[in-house]
Amino acid sequence: MALFEQISKDIIAAMKAKDKVRLEALRNVKKYFLEAKTAPGANDELTDDNALKILAKLAKQGKDTAALYVEQGRQDLADEELAQVNVFEDYLPRPLTEAELATALKDIIAAVGATGPKDMGKVMGAATKQLAGKAEGRAISAMVKQLLG
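Residues numbered from 1 in each chain as written. Predicted model: local features only at pLDDT ≥ 70, side-chain atom pairs only at ≥ 80, totals over all residues. Heavy atoms only, no water.

**Student:** What should I look at first to understand the pattern of salt bridges in this one?
**Tutor:** Side-chain pairs of opposite charge can arise whenever the charged atoms involved come near each other. Counted by the stated rule, this structure contains seven salt bridges. The residue E100 makes a salt bridge to R94 at a minimum N-O spacing of 3.3 Å. Judged by relative accessible area, E100 falls into the partly exposed class, the value being 32%. Across the pair D119 and K118 runs a salt bridge, and its minimum N-O distance is 3.7 Å. Judged by its relative accessible area of 8%, D119 is buried. Residue class for K118 comes out exposed when judged on its relative accessible area of 68%. One salt-bridge network, held together by shared partners, links K118, D119 and K122. (Salt bridge = Lys/Arg side-chain N within 4 Å of Asp/Glu carboxyl O. Buried < 20%, exposed > 50% of the residue type's maximum accessible area, 1.4 Å probe, protein only.)

The following block contains the structure:
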């Protein structure tokens, strides 16, 4: 089942369960999914890859927003934001561990033929495509610098 349909079914389940946090988070996700489906050139389709990118973006934004709320002394708002992030993360694949990330990046470096720091752009281009949704860009970048440096 496509992620879009799964989210739609889970919205109904959250309504029946009267789970306000989950319902609000999933409705927000569906809004972004619908915007992506109706975007010019999307042909009214949303692939699971694109859906996962949207979910990852929403989770990252939620974490950043929660950090701002904590800085401003609004733990109540931070908790609400993190509760929604947890809902988003239920649909995301398990993130790679540091060892798994290193192994994947070594394979990519070998495939691209990178030899030093000057090849970081080539490696990052391939790595961000292959590891989308499985690792954050910052983590990928730091590990590539370490492996090429």
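**Student:** Please clarify how the packing of aromatic side chains should be interpreted in this entry.
**Tutor:** By convention here, two paired aromatic rings are described through the distance between centres and the angle between planes. Inspection of every chain in the model, using the stated rule, returns one aromatic pair. Judged by centre distance (6.3 Å) and plane angle (35°), the ring pair of F4 and F33 falls under tilted. Residue F4 is located in helix α1 (residues 3-17), and its partner F33 is located in helix α2 (residues 20-37); the two are separated by 29 residues in the primary sequence. As far as the burial class goes, F4 and F33 line up, both buried. For K31, the ring lying beneath its charged end belongs to Y32, and the centroid distance is 4.5 Å. Taking the ring centre of F4 as reference, the NZ or CZ of K37 above it sits at 4.1 Å. (Phe/Tyr/Trp six-rings, centres within 6.5 Å; stacked < 30°, edge-to-face > 60°. Helix = DSSP H or I, 4+ residues; strand = E, 2+ residues; numbered from the N terminus. Lys NZ or Arg CZ within 6 Å of the ring centre and 35° of its normal.)

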